[in-house]
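The residues making up each chain are set out below.
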Amino acid sequence: MKELLAFIIGACFGSFANVVIYRLPRNKSIVKPGSFCPKCRRSINWYDNIPIISYLVLKGRCRYCKKSISLRYPVVELLMGVLTILLYQKFWTAELYCTFLFYFIFTLGLVIISGIDYETFLIPDVIVLPLIALGILGAAMCKNFFMPQKAWPVLTSFSYSLSGALIGALIVLLLMIMGKVIWKKEAMGGGDLKLLAAIGAFVGWKGVLVSIFFGSILGTIISLALIYSKKKTWDDYVPFGPYLAIGAILTVLLKGNYLFSLYFIP
Ligand SMILES: [Zn+2]
């Protein structure tokens, strides 16, 4: 029952994430006007704006112009719903309320960044820079003010968080230099640098290494599959942000897991 509530709240935040993913790269206000169909511009009634359900009821088409609604809408809503259940089970039920909030905001930020990076190949500063600050400050504040010491085994501390941000940024900087010198190609961009700094700030320096490890494996497998199936070529640009985001979320969810800790994080 509580899981259902977590799912509904998560899906509503997913709906909000969709608005940001669409409007931010187009320099449109997040709050005004209300939701509208991007194709016929008619405003959407509340009953056509219910996460996941409305998409199914409308069979993926706008009520008025019948043009198809991007699959991104229900996918992001479903994803945020499921991730919120997993975060709830891991942190909230263990009475780590502050940690839950900390990683919920992190996850929401990563989903928005991934959506925008996937569609525009850009990672917006207005999302990623506050996320870096929040990760470092949140780690320090949660530890000192909001949480009892005993409830601390899974999170980072101020120094762990700061070193995570620096190491995350440093790795991308090295890859960027190597890309320029060896492959004469832009391997990664400044957006990836800021994103890995944000990930490091939330999961610490060990966690950022694990996130890169997961992200690289996943990115390589999916890229090879796309090239093999002729959907992409070797020269196409692949946004790395979504893979890093999945790596980071996996790191958060697996942290403290016994099998996982044998290999990665003690
Ligand atoms: Zn329409």
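Quick caveat, the model's predicted, so the values are computed rather than measured. (Residues numbered from 1 in each chain as written. Predicted model: local features only at pLDDT ≥ 70, side-chain atom pairs only at ≥ 80, totals over all residues.)

(A) Just the overall build of the protein, in detail. Helix and strand counts for the protein stand at 9 helices and 0 strands. The N-to-C order of helical and strand elements in the protein reads α-α-α-α-α-α-α-α-α. Evaluated residue by residue, the protein yields a buried proportion of 36% over its 266 residues. (Helix = DSSP H or I, 4+ residues; strand = E, 2+ residues; numbered from the N terminus. Buried ≥ 20, exposed ≤ 12 C-beta atoms within 10 Å, placed from the backbone.)

(B) Molecular detail of the environment of Ser-216. Within the secondary structure, Ser-216 is located in helix 7 (residues 190-228). Remark: the alpha-carbon pair of Ser-216 and Tyr-243, spanning 27 residues in sequence, is separated by 7.2 Å.

(C) Expanded view of the confidence of the model for the protein. The pLDDT averaged across the protein works out to 87; a share of 89% of its residues lies at or above 70. Across the protein, the element-wise mean pLDDT spans from 60 in helix 9 (residues 258-263) up to 96 in helix 1 (residues 2-23). Low pLDDT, under 50, characterises residues 144-154; the stretch is placed with 13 contacts to residues that sit more than four places away or in other chains. (pLDDT = per-residue confidence, 0-100. Contact = placed C-beta atoms within 7 Å.)

(D) Structural context of the packing of helix 4 (residues 97-120) against helix 8 (residues 241-254). At a closest axis distance of 8 Å, the pairing of helix 4 and helix 8 adopts a crossing angle of 160°. If you check the angle between helix 4 and helix 8, you find them roughly antiparallel. When you trace helix 4 past helix 8, the crossing you get is left-handed. From helix 4, Tyr-103, Thr-107, Leu-110, Ile-113, Ser-114, Asp-117 and Tyr-118 reach across to helix 8, where they touch Gly-241, Pro-242, Ala-245, Ala-248, Ile-249 and Val-252. Residue classes in the contact of helix 4 with helix 8 are distributed as 9 nonpolar, 3 polar and 1 charged. (Axes fitted to C-alpha atoms, helices over the stretch in contact; angles between N-to-C directions. Parallel < 35°, antiparallel > 145°, perpendicular 65-115°, else oblique. Left-handed = near helix turned anticlockwise from the far one by under 90°. Nonpolar A, V, L, I, M, F, W, Y, C, P; charged D, E, K, R; others polar.)

(E) Region of the structure containing the nonpolar core. Core analysis: the largest hydrophobic core is formed by 54 residues, its most contacted members being Ala-17, Leu-196, Ala-198 and Ile-199. Contributions of two or more residues to this core are made by helix 1, helix 3 (72-92), helix 4, helix 5 (125-146), helix 6 (158-183), helix 7 and helix 8. With residues near it in sequence (within four places) discarded, Ala-17 still touches Val-76, Met-80, Leu-108, Val-111, Ile-112 and Gly-115. (Core = buried A, V, L, I, M, F, W, Y, C linked by C-beta atoms within 7 Å.)

(F) Highlighting unusual backbone geometry. Between Lys-32 and the following residue, Pro-33, the backbone shows a cis peptide bond with an omega angle of -10°. Located in the positive-phi region is Asn-27, a residue other than glycine, with phi close to 55°. Secondary-structure assignment places Asn-27 in the loop between helix 1 and helix 2 (53-57). Judged by the 6 C-beta atoms lying within 10 Å of it, Asn-27 is exposed. Positive phi, normally seen in glycine, also occurs at Lys-66, with a value near 65°. Summarising the element assignment, Lys-66 is placed in the loop between helix 2 and helix 3.

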